[in-house]
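Notes for the structure review
Read off the chains here:
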Amino acid sequence: MKASIAILLLGLFMLSAASAETLRSTTSAQVIDDSDDTRQYRYFTGLMASPRATPRQRFGVGVGYHKLEDRAGEDDFRLARFDHEYEPGENTGLHSSLSVLDGAQWSPVLGGTRLTHRFSPKVYGEVSAERDYVDTVTAIENRWDLKSYSASLDYGPLGDWTLVGGYTFQDIGDGNDRDIYVARVIHDFPWWSPLVVEGRSRALRSDFNARGYFSPLELDEHLLQATFRRPVLDGDWFVSARLGAGVQRINSGDTENLFDMEVEWRGWFNDHWGLEANASCRNTVEFFARGAGEGYRYCQAHAAIMRSW
């Protein structure tokens, strides 16, 4: 059940307060809960600076705390994180992070880097490499890390359509290697700009059925999502809501229904204070919960307060 801290530095917001800032603080909290008696708590506070002498670079440092509880027990980590963002040109970005964790069972060093580039107005690509932990108590006690190597390419818009293809190779500390393939088709409606519809197919192939985390030999998903998003309150705030439904098949077995929903609210109270909050619920998640069906639910809520100077 891989879960993101989901801290969005408000440069992604494209809102007015971010345009001239040199320093930003972020304090966030996230709670994750599922119907298999698993619960996670994640907290983080940090600073991101953009020195005037190097306007194309940003440097960040922060501390946090993770706690995980499931039927196998509980574990927690204290962490220190360092971030660096660099834009060598208008169309290229490099984002890197390094996290030093301290836990009773294990104290790994984690991190990742992502390179993005817009080749043309219609072609955008990303490559990334990351080392993380598998967030189940069994995996942490066995010190199973997760190394991921990904690439994706967006092509569009082609009229009102965008095509996306991606591939990820994962090497897990128990010896399990996995290939993940993703294809997406995104459609914007010119007659009603707040609405976006996306079709997504995803396939997973693993070396073996894992124990201690969810990773079947084969998993195939097909999902249709509709997202409504628009600025509100004079453009200082942004709201979105997403609903999705689809099907999932595991190891060529029976097909199970999928659902996915999320709401989000983010923006600025004034020139210096901002908020991001989101909540979501689904009946499967990435590849670290378990398959859909049998009444399974996975829900999370996240909130972050930003201060800009």
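A short tour of the structure in this document, coming up.

How each quantity is defined
Residues numbered from 1 in each chain as written. Predicted model: local features only at pLDDT ≥ 70, side-chain atom pairs only at ≥ 80, totals over all residues. Heavy atoms only, no water. 1 Å grid on protein atoms, 1.4 Å probe; cavity = no way out; pocket = protein on both sides within 12 Å on 5 of 7 lines; lining within 4 Å. Points joined across faces, edges and corners; volume = space filled by probe spheres on them. Helix = DSSP H or I, 4+ residues; strand = E, 2+ residues; numbered from the N terminus. Nonpolar A, V, L, I, M, F, W, Y, C, P; charged D, E, K, R; others polar. Core = buried A, V, L, I, M, F, W, Y, C linked by side-chain atoms within 4.5 Å. Buried < 20%, exposed > 50% of the residue type's maximum accessible area, 1.4 Å probe, protein only. Contact = heavy atoms within 4.5 Å. Phe/Tyr/Trp six-rings, centres within 6.5 Å; stacked < 30°, edge-to-face > 60°. Salt bridge = Lys/Arg side-chain N within 4 Å of Asp/Glu carboxyl O.

A few words now on empty space enclosed by the protein. Tallied over the entire structure, the rule returns 2 cavities of 30 Å³ or more. There is about 40 Å³ of room inside the second largest cavity. What lines the second largest cavity is simply Gln40, His66, Lys67, Leu68, Asp75, Asp76, Phe77, Tyr133 and Ile140. Counting only elements with at least two residues in the lining of the second largest cavity, the list comes to β3 (57-70) and β4 (73-89). Looking at the lining of the second largest cavity residue by residue, the classes come out as 4 nonpolar, 2 polar and 3 charged.

Phe44, Leu68, Phe77, Leu79, Leu101, Trp106, Leu110, Tyr133, Val137 and Ile140 form the largest nonpolar core, which has 10 residues in total. Elements with a minimum of two residues in this core: β4 and α1 (137-141). Once residues within four sequence positions are removed from consideration, Leu101 is found in contact with Phe77, Arg78, Leu79, Ser107, Pro108, Leu110 and Tyr133. Val134, Trp144, Ala210 and Tyr213 belong to the second largest nonpolar core, which has 7 residues in total.

For the rest of this paragraph, the subject is the packing of aromatic side chains. Each aromatic ring pair is characterised by the separation of its centres together with the angle its planes make. This structure, assessed with the given rule, holds 9 aromatic pairs. Ring plane angle 50° and centroid distance 5.0 Å describe the contact between Phe77 and Tyr133, whose orientation is recorded as tilted. With Phe77 in strand β4 and Tyr133 in strand β7 (residues 123-133), the pair connects residues that are 56 residues apart, well separated along the chain. Just as Phe77 is buried, Tyr133 falls in that class too. With a centroid separation of 5.3 Å and an interplanar angle of 45°, the aromatic rings of Tyr167 and Tyr181 are classed as tilted. With Tyr167 in strand β9 (residues 161-172) and Tyr181 in strand β10 (residues 177-188), this pair connects stretches of sequence that are 14 residues apart. Residue classification places Tyr167 among the partly exposed residues on the basis of a relative accessible area of 32%.

All told, the structure shown has 22 salt bridges when counted by the stated rule. Here Arg24 makes a salt bridge to Glu21, at a shortest N to O gap of 2.7 Å. Overall, the relative accessible area of 0% leaves Arg24 in the buried class. A relative accessible area of 13% means that Glu21 is categorised as buried. Glu264 is paired through a salt bridge with Arg266; the nearest N and O atoms lie 3.2 Å apart. Residue class for Arg266 comes out buried when judged on its relative accessible area of 13%. Salt bridges here are not isolated pairs; linked through shared partners, they connect Glu21, Arg24, Arg58 and Glu85.

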